[in-house]
Each structure stands twice: as structure tokens, then as C-alpha cells.
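# Descriptive analysis of the structure
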Number of protein chains: 2
Amino acid sequence: MGFLSVLSMAHKWIAERTAPGDTVIDATAGGGVDTLALAQLVGPKGTVYAFDIQQEALDRTRERLLSSAGQDKLPAVKLVLENHAHMAEAIDSHHAGQTAAVMFNLGYLPGGDQTVITEPASTIAALHAAIAVLRPGGIVTCVLYPGHPGGEAEAEAVEAWAAQLPQSVAQAVTYRQPQRPAAPYLVAVEKRSAS
Amino acid sequence: MGFLSVLSMAHKWIAERTAPGDTVIDATAGGGVDTLALAQLVGPKGTVYAFDIQQEALDRTRERLLSSAGQDKLPAVKLVLENHAHMAEAIDSHHAGQTAAVMFNLGYLPGGDQTVITEPASTIAALHAAIAVLRPGGIVTCVLYPGHPGGEAEAEAVEAWAAQLPQSVAQAVTYRQPQRPAAPYLVAVEKRSAS
């Protein structure tokens, strides 16, 4: 059967912690594949924010959403042309601390400008913001690309960030393929429930 | 909800690839907790081998099996006082290449003699043997204890072994908690189906 891909594992872990009507964030809209999956997950009563710093990515995401089947089962998706490091300010204030999942799929826009890449400093700032907007029990998933230009440093920065998170704040896990050190891998963080 | 523990993830991945009546191997019987779980998984028509180099471990495993509820739902478990590096010769020849899962839980026997530990060389030999006895699509799980004496070197040896496995032979994944570098973690390997 094979093990789940890192992207499928990210979607599975998000789905296990998300219900119809929830609020979720695609921190890296890119071509919109994950945005559409998140929209289908939360359904017409849910809320999806999709962030990207490139208008082209948001255009492609909008097109993908509009051309998908089952429009009546999708929520209105809020496309935000903004650095995801500012997500906490960009979302409606009543969604802060109430978000079920924030998904990061780092690296560059497939088929787009490969010089426009996520940078470690803003990625880490965005991960901090993501934890802040999550509800207790919510999840951040981060698919890392150590084989991309600049991707290894970014992956190391994200893993170091996850490693230093106090366990009282969140629990982190990694899922990786040791035979393929340059292949994408997954860091996932679940915010602790209030105790 | 929290992420699955590494041990629960090992059992889950094994269960996904195992059916009643199958043959499975506990390569490190220890106190018999995993042996019992494997016996329940394959049921009365299955076959379970449990290896340990300590008679005390096999005695405790036998006791746990005998004292568990639902005896009629358990197979006869073959307790083998032998280094697991010899598993390929120790099992019935018709189980070679037909085994659904081999489970390793390394480190020392809880409450037992902590000077009797698994050693990298025989562990790697046992992992090779485990791949050999698996059927295509079968799985080896290996829970590593980098926080135990000698455990870090062993964990590194196992990861290096998994990393060098040709992808045409098997697919390897790791599941780990970056906040807890000394905590147990999981290396799992699925044997490729014949193509």
C-alpha cells in the first residue's frame, strides 16, 4: 500500500482535527490545490483564508476554486495578497484563537517565478502567528523542501523552531523519508488544549 | 487529540498491512506487551514468533499471554530463545517471504538487567533478516531509544541502514518528536511489492 506521502499525511492530520463550519488558513496558496482541499473540508459554512504574496498565485487559486465541481459545497474563500507573517492581523478578529488549522507548503510557486521563495525569517514569523491564531487542539502543518534553492536552510530553521516550542504550548512531530534526504518532509504542530 | 505515540503509530501501520491468519514476528519480546497485541491482531489462525535472548523475557511474555482474556482468540505463540539476527533460520521455512510484519522495540527489558541491551551490529543483521522474511507489502517497524545507554549509536545505525535501502527494495519513513530528541522514535520500512 505504501506509506502516505507527506502532503497526504498533512491533509489527514488536518482533517482529523477539523469539522464542517470551521475556520482554516492556507498560508501558501500557490496554485490553490491545498486551498481547494481545505475549502471542501470545512464546507459551505466554513471559512478559508488563502495567503500569497504573488497575485498570480491568488489568480490561479481563484480559477481553481471557480472551476471545481460542487460549488454549492464550498465556502467563500478569502484570498489575501499579503505576507503570511501578518496573518494574525489580516484575518477577522473573531477568528483569532478559533482557527482549526494552518497549512504551509513552502518553496516556490510551481511554474511561477522561482526567485520568489519563502524566506526563513518571515516563515518563522508566520509560524508564530499561526500558533497564535489556532484554537486549542488546532494544528499547523508545514511541508518543507530541503532540495529547493534555500530550502535546506529554511527546513532547518523550521525544525529548530518546532524543537524549541515549549511542550506546554504545543506538541510537534516530524514525518520524513530517510532514503530521500532532499525530498519534501512534514513538520506538524498541535496547539495544546487549555489544561 | 494529540499525535499518536510512536508505539501506537507502529501498531497502526502494522495493523493496516496485516489480516487475521497472517504470520508476524515480535523481534524483541521483552515484557510481551507487543507480542500480545500482535497475537490479537492475527487471531487464532495466525502465527506469531516472539524472539528474545533472555529467558526471563520469554517467561514474562508467556505469562502475559496466558493471563490475557480471550484465550480462544489467540494463536499459539512460538517463543524463541535466540538472537533475532537468526530469525530467518529460526522460523518455519514456509513463513520465509510470507511474513506480514516484524516489530522491533529496542533497548533493554523494562525492570530487567539493563546491561543486556541490543547491539547495533546484531540489530542491523536482524533488520536485514526481517526484510528477507517479509512478504511484498510487509512492514518492519523499529522503535528506537536514543536516550538509553548505547541507544543513540544504535538509533543512528538503524537510520543509516534505512537511508541506504534501495527504493526498489523498500520504502522507509521516520516519525519523531523534535521537541524531545532523547524520546523514542520510529523507523518503519515497507517491502516493495513485486512489480
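Here is what the cut-offs are and how they apply
Residues numbered from 1 in each chain as written. Chains lettered and ligands numbered in written order. Predicted model: local features only at pLDDT ≥ 70, side-chain atom pairs only at ≥ 80, totals over all residues. Heavy atoms only, no water. Helix = DSSP H or I, 4+ residues; strand = E, 2+ residues; numbered from the N terminus. Rg over C-alpha atoms; globule rule 2.2 N^0.38 Å. Buried < 20%, exposed > 50% of the residue type's maximum accessible area, 1.4 Å probe, protein only. pLDDT = per-residue confidence, 0-100. Least-squares fit on C-alpha atoms with pLDDT ≥ 70 in both. Contact = heavy atoms within 4.5 Å. Salt bridge = Lys/Arg side-chain N within 4 Å of Asp/Glu carboxyl O. Axes fitted to C-alpha atoms, helices over the stretch in contact; angles between N-to-C directions. Left-handed = near helix turned anticlockwise from the far one by under 90°. Nonpolar A, V, L, I, M, F, W, Y, C, P; charged D, E, K, R; others polar. Core = buried A, V, L, I, M, F, W, Y, C linked by side-chain atoms within 4.5 Å. Buried area = accessible area lost by both parts, 1.4 Å probe. Polar contact = N/O pair within 3.5 Å; in protein donor to acceptor, adjacent residues only side chain to side chain. Phe/Tyr/Trp six-rings, centres within 6.5 Å; stacked < 30°, edge-to-face > 60°. Lys NZ or Arg CZ within 6 Å of the ring centre and 35° of its normal. Lys, Arg positive; Asp, Glu negative; His and termini not counted. Pairing = 2+ DSSP bridges.

For chain A, the helix and strand inventory stands at six helices and seven strands. Listing each helix as α and each strand as β along chain A from the N terminus yields α-β-α-β-α-β-α-β-α-β-α-β-β. Rg of the C-alpha trace for chain A: 16 Å, near the compact-globule value of 16 Å for 195 residues, within the 12% margin. Summarising its shape, the C-alpha atoms of chain A cover approximately 45 × 40 × 40 Å along the three principal directions. By residue count, 52% of the 195 residues in chain A fall in the buried class.

Let us look at the confidence of the model for chain A. When pLDDT is low, close inspection of the predicted coordinates is not appropriate. On average, residues of chain A score 94 in pLDDT, and 96% of them reach the 70 mark or higher. Interface scoring of the predicted complex returns ipTM 0.94; its pTM is 0.94.

Our focus in this paragraph is the relation of the copies chain B and chain A. Between chain B and chain A, which share one sequence, the superposing operator has a rotation angle of 180 degrees and an axial displacement of 0.0 Å; the RMSD is 0.0 Å. With respect to symmetry, the two chain copies, as superposed, fit the operation of a two-fold axis. When C-alpha distances to the rotation axis are compared across chain B, the minimum falls at Y175 of chain B, with a value of 2.4 Å. A share of 97% of the interface residues of chain B reappears at the interface of chain A, consistent with the copies meeting face to face through the same patch.

The tally for this structure, following the rule as stated, stands at 16 salt bridges over all chains. We note a salt bridge from E16 of chain B to R17 of chain B, for which the minimum N-O separation is 3.5 Å. Taken together, the shared-partner salt bridges connect K12, E16, R17 and E190 of chain A into one network.

Take the packing of helix α5 (residues 120-133) of chain A against helix α6 (residues 151-164) of chain A next. Between two packed helices, both the angle of their axes relative to each other and the distance between the axes serve to describe the pair. All names here are of chain A. Remark: α5 packs on α6, axes separated minimally by 9 Å, with the N-to-C direction vectors making an angle of 30 degrees. Classified by chirality, the crossing of α6 by α5 is right-handed. Two secondary-structure elements touch here, α5 through P120, T123, I124, L127, H128 and I131 and α6 through E154, A157, V158 and W161. Grouping the constituent residues of the contact of α5 with α6 by class yields seven nonpolar, two polar and one charged.

Ranked by size, the top nonpolar core spans 55 residues in total, and within it W13, Y175 and L186 of chain A together with W13, Y175 and L186 of chain B carry the most contacts. Those residues in contact with L186 of chain B that lie beyond four places of it in its chain are V6, M9, A10, W13, T141, C142, V143, V173, T174 and Y175 of chain B.

Contact residues are listed per partner, giving 29 residues for chain B and 28 residues for chain A. When the two sides are added together, the surface that chain B and chain A hide from each other amounts to roughly 2,600 Å², 57% of it contributed by carbon and sulfur. The interface formed by chain B and chain A includes zero salt bridges. Along the contact surface separating chain B from chain A lie 16 residue pairs in polar contact (both at pLDDT 80 or more). Elements with a contribution of two residues or more to the side of chain B that touches chain A: α1 (6-16), α6 (151-164), β6 (170-176) and β7 (185-191) of chain B. Counting residues per element, the side of chain B that touches chain A draws most heavily on β6 of chain B, which supplies seven residues. For the side of chain B that touches chain A, the class distribution of residues is 16 nonpolar, six polar and seven charged.

Here we take up the packing of aromatic side chains. Counted by the stated rule, this structure contains six aromatic pairs over all chains. Look at W13 of chain A and Y175 of chain A: their rings are 6.5 Å apart centre to centre, the planes differ by 65 degrees, and that puts the pair in the edge-to-face class. Residue W13 of chain A is found in helix α1 (residues 6-15), and its partner Y175 of chain A is found in strand β6 (residues 170-176); the two are separated by 162 residues along the sequence. Taken as a pair, W13 of chain A and Y175 of chain A share a single burial class, namely buried. Taken together, the ring pairs in this structure connect F3, W13 and Y175 of chain A together with F3, W13 and Y175 of chain B into an aromatic cluster. Lying over the aromatic face of F3 of chain B, R17 of chain A brings its terminal NZ or CZ to 4.6 Å of the ring centre. Sitting over the face of the ring of Y185 of chain A, R176 of chain A holds its NZ or CZ atom 3.7 Å from the ring centroid.

Turning our attention to the environment of A101 of chain A. Residues and elements named next belong to chain A. As for its placement among the helices and strands, A101 is situated in strand β4 (residues 99-105). Along the backbone, A101 and W161 are 60 residues apart, and their C-alpha atoms lie at a distance of 18 Å. Among residues more than four places away in sequence, those in contact with A101 are I14, T18, T23, V24, I25, L134 and I139.

This part is about the side chain of D52 of chain A. Residues and elements named next belong to chain A. Among the secondary structure elements, D52 is positioned in strand β2 (residues 47-52). Although D52 lies buried, it forms no salt bridge, and the closest oppositely charged side chain, R60, sits 9.1 Å away as judged by the N-O distance. Here the side chain of D52 touches G30 through a polar contact of 2.8 Å, landing on its backbone nitrogen. Excluding residues that lie within four positions of it along the chain, D52 makes contacts with T28, A29, G30, A57, L58, V80, L81 and E82.

To continue, consider the pairing of β6 of chain B. With respect to burial, β6 of chain B is a largely interior element, six of its seven residues being buried. Pairing geometry for β6 of chain A and β6 of chain B, over three bridges, is antiparallel. Residue pairing across strands places Y175 of chain A opposite Y175 of chain B, the latter belonging to β6 of chain B. By the bridge criterion, six bridges tie β6 of chain B to β7 of chain B in an arrangement that is antiparallel. Each bridged residue has a counterpart across the sheet, and for T174 of chain B the counterpart in β7 of chain B is V187 of chain B.

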